[in-house]
Amino acid sequence: MSDSLKHVTSVGEQEVSSSTDDKSTWQKILSILRVEDNSDLTTTQKYLYNFDLRPVEAARRQWSWYNFVFFWVADSFNINTWMIAATGVEAGMTWWQTWLSVWVGYLLAGIFVSLSARVGVVNHISFPIGSRASFGIFFAIWPVINRVVMSCVWYSVQAMVAGPCIGLMLRSIFGQNLQETMPNGILNKNVTTFEFLSFFLFWLFSLPFLWFPPHKIRHLFTVKAYISPVAGVAFLIWTLVKSHGAGPVIHAPSALQGLALAWAFVESTMNSLANFATLITNAPDFSRFADKPSFAIKYVVQTVSIPLCFSITSLIGILVSSASTELYGTTYWSPLDVLGRFLDNYSSGNRAGVFFISFAFAIAQLGTNISANSLSFGTDVTALLPQYMNIRRGSYLCALLALVVQPWNLLLSSSKFTTYLSAYSVFLSSIIGVICSDYYVVRRGHLKLTHMYSTHAPSDKTQRSDYMYNRFGTNWRALIAYLCGILPNIVGFVGATSGTDKVPMGANEVYRLNFFMGFFSSGIVYVALTYFFPVAGTPDVKLLQKGWFEENQDVEDFEQELLGHVHEGFEAPVSVTSGSYQRKASQFD
């Protein structure tokens with residue numbers, strides 16, 4: 001740091017010191033809770049730029065292509081994926097028809113993840129920042145709030161789903177009927193003491209893993225990628241050996257023909273895709289840590305790994321469920337139900353097998369909850385509450401709110417609640433449609449990173465940033481396109497979540513394609529609006545003219561490039577930009 005900059009820093013420190021005595025107790029508490037001493041900045045200035053939202057420098061870009069493969073291998077082996085094929089088979093399709101629909105659904109999911117992730121791979125920015133280009137610097141808060149709510153609720157629900165894993169482990173150690181012999185001291189009829197204990201233990205053991213920053217948590221997914229698939233395959237072999245075959249589900253004919261079969265196939269496909277809506281949305285949060293924008297990371301890893309890993313897990317789920325029919329006369333679509341029946345024979349071998357497989361499922365749920373929920377929540381709240389939140393604090397806040405949500409009450413009617421959460425993809429798909437159409441069609445991959453962190457153009461303080469659009473920081477084209485993406489699905493959405501049969505058949509059929517309808521409706525409307533009402537900062541090319549202007553961004557000196565222009569066109573205090581952020585970055589060296 002130069003002598004002049006040091007002087008500015010020391011003056012600022014003296015001013016802060018002289019005013020400390022005048023602070024009230026409440027102000028002192030808030031000062032302690034601040035992520036760093038940046039009290040000289042306004043709320044707007046902190047929202048525009050902070051350490052967790054800045055472009056990721058090379059030192060933190062540590063995810064190679066194989067880390068992303070491990071990530072998807074690890075993420076695929078969870079209870080929800082295991083059960084995804086149940087909807088198709090129960091609807092009347094054969095196992096292979098259902099599995100084919102799962103392949104198609106996850107292939108589409110892989111393509112959409114690749115489209116969404118590219119913004120992070122090339123520009124090294126997260127979802128809250130990437131959405132500023134299309135929605136506007138301040139209206140981008142709305143997509144962030146959408147995802148914060150989803151992440152918090154899903155974290156709670158996934159922890160509750162993982163609770164029975166801990167319950168099986170406890171039963172394997174302390175008694176076959178522990179859930180019945182343990183006194184129930186909870187008055188709530190939706191949860192017993194044993195169920196709450198299982199949930200709480202999973203919640204508690206998850207907390208240490210929330211401490212690690214995103215670029216370090218890749219090691220958890222690597223470990224999970226070894227443990228979970230091995231346990232899943234071992235569970236399959238164990239079940240097939242016990243049942244002496246794959247069971248009757250594999251040999252059952254299709255109960256559907258013609259149009260009914262076609263719609264069942266479409267619905268099964270869309271279930272796979274809709275369940276990926278949150279991961280499609282938050283893809284830049286992880287892809288920004290890619291070590292280089294290679295061909296494999298941009299095009300191959302997500303598109304190949306996702307359908308391959310998730311389809312294999314679904315197939316294992318089908319085979320185990322089919323074998324359970326042969327063993328117990330009832331088809332159990334949840335792997336935990338099958339493991340619970342294994343404890344009917346309370347031998348030492350069964351107890352050990354159930355314990356270790358349940359432990360593997362618990363690890364699988366932990367990784368999924370971190371990747372899809374806590375880190376997304378943490379990243380987003382750094383944009384909403386930058387003065388008091390970083391990713392680590394946000395992750396712990398997400399875990400704390402999981403208790404407040406009380407998922408045992410939400411899961412009272414599990415089918416309706418799951419339908420509601422899946423239906424929320426209507427809103428997320430409209431957001432993704434706007435962002436992708438803006439990046440790929442309107443801007444042709446061209447982004448001005450400094451404009452994303454400033455309300456004014458860095459080269460001219462008298463001009464607005466290209467992504468401010470107006471004095472409200474709102475792109476009205478994105479708002480209209482977003483609403484147009486929701487409208488085609490809204491009637492079917494109401495029908496699905498309310499359970500009413502008064503919704504017109506046409507609306508229901510449109511809603512079966514909800515992700516596509518939301519994505520393409522919002523995307524097409526946005527492109528049309530920008531064609532008739534152009535936006536600033538876009539390449540000078542016509543709509544159907546060829547041209548791609550994406551650049552692999554060099555962000556090593558980004559802070560110096562931005563210095564003096566981050567905070568509404570005024571010179572940023574050196575203690576905030578060059579000082580505190582450099583000290584924080586040194587923690588990762």
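Attention in this report is confined to the structure presented alongside it. (Residues numbered from 1 in each chain as written. Predicted model: local features only at pLDDT ≥ 70, side-chain atom pairs only at ≥ 80, totals over all residues. Heavy atoms only, no water.)

**Some words on the overall build of the protein chain**
- When helices and strands are tallied, the protein chain shows 28 helices and two strands.
- Taking all 589 residues of the protein chain together, the buried fraction comes to 56%.
- Split by element, the accessible area of the protein chain, about 24700 Å² in all, is 64% carbon and sulfur. (Helix = DSSP H or I, 4+ residues; strand = E, 2+ residues; numbered from the N terminus. Buried < 20%, exposed > 50% of the residue type's maximum accessible area, 1.4 Å probe, protein only. Areas by Shrake-Rupley, 256 points an atom, 1.4 Å probe, with all protein chains shown as cover.)

**Observations regarding a nonpolar patch on the surface**
- Judged by side-chain polarity, Val441, Trp476, Ile480, Tyr531, Phe532, Phe533, Leu543 and Leu544 come together as a nonpolar surface patch covering roughly 850 Å² of accessible area.
- Listing elements by their share of the nonpolar patch, those giving two or more residues are helix H24 (476–498) and helix H26 (514–532).
- Residue tryptophan 476 is classed as partly exposed on the basis of its relative accessible area, which comes to 32%. (Patch = residues over 30% accessible without salt bridge, like charges linked within 9 Å, V, L, I, M, F, W, Y side chains within 5 Å. Salt bridge = Lys/Arg side-chain N within 4 Å of Asp/Glu carboxyl O.)

**What to know about empty space enclosed by the protein**
- The full count for this structure, using the stated rule, is five cavities of 30 Å³ or more.
- Its boundaries defined by the atoms lining it, the largest cavity holds a volume of some 150 Å³.
- Taken together, 18 residues make up the lining of the largest cavity; nearest its centre are Ser116, Val119, Gly130, Pro284 and Ile435.
- Elements supplying a minimum of two residues to the lining of the largest cavity: helix H7 (95–123), helix H8 (127–135) and helix H22 (425–442).
- Counting residues per element, the lining of the largest cavity draws most heavily on H22, which supplies six residues.
- Of the residues that constitute the lining of the largest cavity, the class distribution is 12 nonpolar, five polar and one charged.
- Here the second largest cavity defines a volume of roughly 90 Å³.
- For the second largest cavity, the full set of lining residues is Phe68, Phe71, Trp72, Val113, Ala117, Leu279, Asn282, Ala283, Phe286, Ser287 and Gln302.
- Contributions of two or more residues to the lining of the second largest cavity are made by helix H4 (65–76), H7 and helix H15 (283–287).
- Class assignment of the residues belonging to the lining of the second largest cavity gives a composition of eight nonpolar, three polar and no charged. (1 Å grid on protein atoms, 1.4 Å probe; cavity = no way out; pocket = protein on both sides within 12 Å on 5 of 7 lines; lining within 4 Å. Points joined across faces, edges and corners; volume = space filled by probe spheres on them. Nonpolar A, V, L, I, M, F, W, Y, C, P; charged D, E, K, R; others polar.)

**Overview of the packing of helix H12 (residues 218–243) against helix H17 (residues 335–342)**
- Close contact between H12 and H17 brings their axes to 12 Å; oriented N to C, the two are set at 55°. Between H12 and H17, the angle is such that the two are oblique. Here the hand of the crossing between H12 and H17 comes out left-handed. Residues Phe235, Trp238, Thr239 and Lys242 of H12 form the contact with H17, whose own contacting residues are Pro335, Val338, Leu339 and Phe342.
- Here the residues of the contact of H12 with H17 sort into six nonpolar, one polar and one charged. (Axes fitted to C-alpha atoms, helices over the stretch in contact; angles between N-to-C directions. Parallel < 35°, antiparallel > 145°, perpendicular 65-115°, else oblique. Left-handed = near helix turned anticlockwise from the far one by under 90°. Contact = heavy atoms within 4.5 Å.)

**Focus: helix H16 (residues 295–328)**
- With 34 residues, H16 extends 49 Å between its outermost C-alpha atoms, agreeing within 8% with the 50 Å of an ideal straight helix rising 1.5 Å per residue.
- Along H16, the largest kink reaches about 45° and is centred on valine 301.
- With respect to burial, H16 is a largely interior element, 24 of its 34 residues being buried.
- A positive backbone phi angle near 80° is found at glycine 329, which sits one or two residues after H16. (Expected span 1.5 Å × (residues − 1). Bend = angle between axes of the 7 residues up to and from the residue.)

**Some words on the nonpolar core**
- Counting 139 residues, the largest nonpolar core has Phe135, Phe235, Phe276, Leu339, Phe361, Met452 and Phe515 as the members making the most contacts within it.
- Sorting elements by how many residues they give to this core places helix H9 (residues 141–174) first, with 16 residues.
- For phenylalanine 276, the residues in contact, after removing those within four places along its chain, are Trp72, Tyr106, Ala109, Val113, Ile306 and Phe310. (Core = buried A, V, L, I, M, F, W, Y, C linked by side-chain atoms within 4.5 Å.)

Keep in mind these values describe shape, not function.
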